[in-house]
Amino acid sequence: MRGTDPRQEGMFSYVSPEARVPQDHPLRPIREMVNRALEELSRELEAMYSHTGRPSIAPEQLLRALLVQVLYSIRSERLLVEQLDYNLLFRWFVGLSMDDPVWDHSTFTKNRERLIGSDIAREFFAKILVQAREARLLSDEHFSVDGTLLEAWASMKSFRPKGGKGPGGGGRNAEADFRGEKRSNATHESSTDPQALQYRKGKGQEAKLCYLGHALMDNRHGLIVDTRTTQASGRAERESALAMLEMRPGKGRLTVGADKGYDTKDFVEGLRWVNVSPHVAQNDTNRRSAIDRRTTRHPGYAHSQRVRKRIEEAFGWAKTIGGLRKLKHRGLPKVDFQFTLTFAAYNLVRLRTLGVGT
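Notes on the structure in this doc start here. Not measured: the values here are computed from a predicted model.

A few points about the nonpolar core
Part 1: By size, the foremost hydrophobic cluster in this structure holds 94 residues, and its most contacted members are Ile30, Phe124, Ile224 and Phe343.
Part 2: With 11 residues, the single largest contributor to this core is helix α14 (residues 332-353).
Part 3: Not counting residues within four places of it along the chain, the set of residues in contact with Ile30 comprises Leu71, Phe93, Leu348, Val349 and Arg352.
Part 4: Counting residues in each nonpolar core, the second largest holds 6 residues, with Leu149, Tyr199, Cys210 and Ala236 among its members.

Here it is in structure tokens:
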């Protein structure tokens with residue numbers, strides 16, 4: 001018998017979003033880890049707000065919403081708010097009931113400065129790592145380091161002489177001919193994002209306005225244990241790697257795997273100065289490598305070179321799923337906030353796969 005097709009505009013429902021989400025849904029263990037981390041950050045979140053005035057939107061809900069945006073590759077906060085209005089799964093994860101109104105997309109813009117000022121993204125990242133450490137998923141001995149290019153939210157047409165004017169006419173997307181013009185970061189800057197610098201990753205590659213993102217990976221299970229975001233320069237990757245390794249706890253000797261871009265005398269000597277064995281790939285093309293037999297003769301060197309490539313998986317996830325292939329924010333503080341939060345989301349996915357939170 002054919003069923004009916006009723007079209008009822010309004011109705012009451014006694015089923016909560018909690019009941020709608022399957023018990024084996026992959027977001028459930030992630031939500032448990034997120035809620036625990038946010039509960040431990042309650043004091044820091046409380047200090048961000050005044051004790052008088054009207055209650056604002058809970059920062060826990062804003063952070064959960066930003067994690068949803070990363071996990072489900074939602075391209076903008078306007079679209080995120082739109083989906084929060086009708087997607088029961090997202091409502092459940094964020095902590096909204098069926099009847100709770102959804103806030104305006106500008107709420108993220110107004111509250112992001114408060115979150116950045118309190119460095120909440122990095123605090124949240126650290127709380128997730130505490131759960132990984134409690135599950136004995138970190139080695140704290142063997143690491144890999146690498147950097148990746150983050151394309152800025154700015155066109156090369158905005159890269160103009162400092163204090164000068166850009167090409168006139170043609171509307172918002174005016175034509176521009178840069179042929180024969182010598183442009184450098186010393187004489188030019190982007191009128192859209194002045195902190196983004198012109199940079200090319202290698203010879204023969206296209207120069208772009210970008211930032212550099214750096215990550216330190218624990219080799220045991222591929223979890224990211226530290227991040228940095230810097231302006232683009234030829235020394236930024238090595239300087240950030242040393243800074244992250246110097247911050248590692250403990251006094252035992254560490255090992256770090258890295259690609260050929262880190263094979264410089266200053267970097268290798270800097271690692272040995274902070275008691276880190278430099279398992280760096282040798283770059284001996286038309287030059288002498290800073291890595292010699294006292295490092296390469298150990299079996300651990302070859303193992304580090306095999307494992308270090310897994311950090312590319314984290315960068316690949318962050319760019320294809322996490323939305324970092326083209327940045328959505330301008331300015332180094334906002335880019336660093338998004339970069340750190342994205343890798344916190346990556347660690348949550350890895351921990352769920354490893355059985356944490358289930």
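Having seen the structure, we can now continue with the description.
A closer look at the side chain of Arg91
Part 1: Among the secondary structure elements, Arg91 is positioned in helix α6 (residues 88-94).
Part 2: With relative accessibility at 4%, the residue Arg91 sits in the buried group.
Part 3: Excluding its chain neighbours within four sequence positions, the residues that come into contact with Arg91 are Leu84, Asp85, Leu96, Ser97, Met98, Asp100 and Val102.

Here's the deal with the environment of Ser16
Part 1: Relative to the helices and strands, Ser16 is located in the segment before α1 (17-20).
Part 2: C-alpha separation for the pair Ser16 and Asp140, spaced 124 residues apart in sequence, amounts to 43 Å.

With respect to helix α7 (residues 106-117)
Part 1: Among the residues making up α7, those that are buried are Thr107, Phe108, Asn111, Arg112, Leu115 and Ile116. Mapping the buried residues of α7 onto a view down its axis gives an arc of 145°, with all of them on the same face. In α7, those exposed residues whose orientation departs by more than 90 degrees from the buried face are Lys110 and Gly117.
Part 2: Once α7 finishes, Asp119 follows within two positions and takes phi at roughly 55°, a positive value.

So, the packing of aromatic side chains
Part 1: For the coordinates displayed, the defined rule picks out 8 aromatic pairs.
Part 2: Consider the rings of Tyr262 and Phe267, whose centres lie 5.4 Å apart with planes at 50°: the pair is tilted.
Part 3: We classify Phe267 as buried; its relative accessible area is 2%.
Part 4: Feature note: the residues Phe315, Trp317, Phe339, Phe343 and Tyr346 constitute an aromatic cluster, connected by ring pairs.
Part 5: Over the ring of Trp92 we find Arg31, and its NZ or CZ is 4.8 Å from the ring centre.
Part 6: In this structure, Arg330 packs its charged tip against the face of Trp153, placed 3.8 Å from the ring centre.

Rules and cut-offs
- Residues numbered from 1 in each chain as written.
- Predicted model: local features only at pLDDT ≥ 70, side-chain atom pairs only at ≥ 80, totals over all residues.
- Heavy atoms only, no water.
- Core = buried A, V, L, I, M, F, W, Y, C linked by side-chain atoms within 4.5 Å.
- Buried < 20%, exposed > 50% of the residue type's maximum accessible area, 1.4 Å probe, protein only.
- Helix = DSSP H or I, 4+ residues; strand = E, 2+ residues; numbered from the N terminus.
- Contact = heavy atoms within 4.5 Å.
- Arc of directions from axis to C-beta.
- Phe/Tyr/Trp six-rings, centres within 6.5 Å; stacked < 30°, edge-to-face > 60°.
- Lys NZ or Arg CZ within 6 Å of the ring centre and 35° of its normal.

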